[in-house]
Amino acid sequence: MPPQRATVIGLGLSGALLALSLNRYSSTIPTIYELRASPSTLGGAINLTPPVSRILDSLGLLAAAKEIAFETKEISIFSLRSGAKLGALPFIDEETGHTSLRIERALLLELLIRALDEAGVQVVFGKRLEGVREVEDGRVAAVFADGGEVESELLFGCDGIHSLVRGAYVEPDRKATYSGLSSAYGFSATPEGLIGKEGFEGTAVASGMRGSVIVSYCGPRKEKVFVGAVMEVKAPDADRDGWRGKGAMGTEAKKELVERFGGGDPVFKAVVEGVEEWSFFPVWVLPNGGTYWRGRTVLVGDAAHAGPPGGEGAALAMEDAVVLGRLVGKAEEEGAAVEAVFRRYDELRRERVTENYTRASARWEGAKNRSWLFQKTMELFMWAFLMVWWNKREWGFEYDAANVELGGKL
Ligand SMILES: Cc1cc2nc3c(=O)[nH]c(=O)nc-3n(C[C@H](O)[C@H](O)[C@H](O)COP(=O)(O)OP(=O)(O)OC[C@H]3O[C@@H](n4cnc5c(N)ncnc54)[C@H](O)[C@@H]3O)c2cc1C
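These numbers were taken from a predicted model, which means no experiment stands behind them. (Residues numbered from 1 in each chain as written. Predicted model: local features only at pLDDT ≥ 70, side-chain atom pairs only at ≥ 80, totals over all residues. Heavy atoms only, no water.)

What about the packing of helix α1 (residues 13-25) against helix α9 (residues 313-334)?
And step 1. Here α1 crosses α9 at 25°, and the two axes come no closer than 8 Å. Considering their axes alone, α1 and α9 lie roughly parallel with respect to each other. Regarding α1 and α9, the two cross each other, and that crossing is right-handed. Seen from α1, the contacting residues are L13, S14, L17, L18, S21, L22 and Y25; seen from α9, they are A314, A317, M318, A321, V322, L324, G325, R326, V328 and G329.
And step 2. Taken together, the residues that form the contact of α1 with α9 break down as twelve nonpolar, four polar and one charged. (Axes fitted to C-alpha atoms, helices over the stretch in contact; angles between N-to-C directions. Helix = DSSP H or I, 4+ residues; strand = E, 2+ residues; numbered from the N terminus. Parallel < 35°, antiparallel > 145°, perpendicular 65-115°, else oblique. Left-handed = near helix turned anticlockwise from the far one by under 90°. Contact = heavy atoms within 4.5 Å. Nonpolar A, V, L, I, M, F, W, Y, C, P; charged D, E, K, R; others polar.)

So this is what it looks like as structure tokens:
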């Protein structure tokens, strides 16, 4: 396969990382097309696990990321009722020292856009993809809503859970469904009492009968706290990508969240009450499995495999991008065909994605309301639960997308 032109649809985490990886590992030239007129500011502060720190390190971006993120070494589990610490999950790869990072999604995107700019990658905003079709001579055409068409040798669908690339071309029958739940999130100024709270290391999940709330610093200076919870919300039909609770809806939602999570420990209560504006992110889920590629077109990140939020979706998206970028470089060296690249990508990524999906689905069930007795039992046996959960989780943190074996000749 000679160096090619690549069309990348979507400037989310997978699109940005894919273009950076193609630039780093291959001679293929990517151009990104994004439907929004400017970079998205949607989303709260996401948790990036150690494999992402390792990726950012490999791209020379880790130091800059740490300047805008909070380094999470453990997630402490608290009882919302009593405020007592029940246990902790290490969120660090002991061997390399790579930690997790809690970072505002918009700031992370800004950082990646600067890196794209420095790498000379062209990003075209305000371009909504409407269709995909194969053309003669080994090319594929991206058809845009403004009537424009772009032909290239490779097309990457990095266009998120509602992917048009998947829906219109790769696998029209696999559709996302709304889970009935939304993630509610907001930011609060750090209240008095949180910094010195016994056992609080900067990121906590406070768990009660009516669900759990995550409370985490999201920058290195600890002056601001990210607060996130899951609740049942009817998603407005018109806005699948998140909205802000304004006016009556905002007051209503705030009241419910304070009632739900503000009844026990005064410090967590102050955090929840301190959120001025709640935003909602409807949780859509894509059935696991399916097809990742067709012809010269391949799906990356949420477009291929969006599972229930389990704190690792961004990591999977970014890992996909790095592995794919490296495979394109390998194919250029070996003169291999496009199909061989996409087949190997599927083989290399499928197991990790499926494992993650299963784990996230189980955790998602735990987000539902619990009885007083169940909650009390959970509090008593939290240490045992953490040991089992941690053992199952551990393998994931060692993954190194920039160095993982790509296998023999393509
Ligand atoms: C509530 C919630 C909380 C989460 N928290 C975490 C967390 O803490 N940690 C974590 O690792 N993951 C988290 N995730 C998952 C994570 O956000 C996603 O897995 C990740 O953002 C996927 O990135 P992506 O680039 O594949 O898709 P996206 O980020 O959705 O990007 C897709 C891009 O494509 C563009 N696009 C879409 N359609 C078109 C079109 N037709 N033409 C052109 N452009 C188009 C969109 O505008 C967008 O910019 C969370 C998810 C949810 C729902």
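Side note on the site of the ligand
And step 1. The immediate surroundings of the ligand are formed by 30 residues, with S14, E34, R105, D302 and A314 found nearest.
And step 2. Between R105 and the ligand, the recorded distance is 2.9 Å, taken from a side-chain N or O atom to an oxygen atom.
And step 3. Within the complex, 85% of the 1,000 Å² of free accessible area of the ligand lies under protein.
And step 4. Sorting the residues of the shell around the ligand by element identifies α1, β2 (29-34), β3 (45-48) and α9 as the ones contributing at least two each.
And step 5. Per-element tally for the shell around the ligand: the top contributor is α9, with three residues. (Near = heavy atom within 4 Å. Polar contact = N/O pair within 3.5 Å; in protein donor to acceptor, adjacent residues only side chain to side chain. Areas by Shrake-Rupley, 256 points an atom, 1.4 Å probe, with all protein chains shown as cover.)

Comments concerning the nonpolar core
And step 1. Ranked by size, the top nonpolar core spans 73 residues in total, and within it F156 and L324 carry the most contacts.
And step 2. Looking at this core element by element, the count peaks at ten residues for α9.
And step 3. Residues in contact with F156, not counting those within four places in the same chain, are A6, T7, V8, I9, L18, L22, V298, V300, L324 and V328.
And step 4. If you look at the next biggest cluster of nonpolar residues, it comprises 25 residues, including F70, L194, L257 and V267. (Core = buried A, V, L, I, M, F, W, Y, C linked by side-chain atoms within 4.5 Å. Buried < 20%, exposed > 50% of the residue type's maximum accessible area, 1.4 Å probe, protein only.)

Section: the packing of aromatic side chains
And step 1. Under the definition given, this model contains ten aromatic pairs.
And step 2. Their ring planes at 70° and their centres at 5.5 Å tell us that F78 and F268 sit as a pair that is edge-to-face. Placement of the pair is F78 in strand β5 (residues 74-79) and F268 in helix α7 (residues 266-273), with a sequence separation of 190 residues. F268 matches F78 in its accessibility class, with the two residues each being buried.
And step 3. Taking the centre distance of 5.5 Å and the plane angle of 70° together, the rings of F200 and Y217 count as edge-to-face. (Phe/Tyr/Trp six-rings, centres within 6.5 Å; stacked < 30°, edge-to-face > 60°.)

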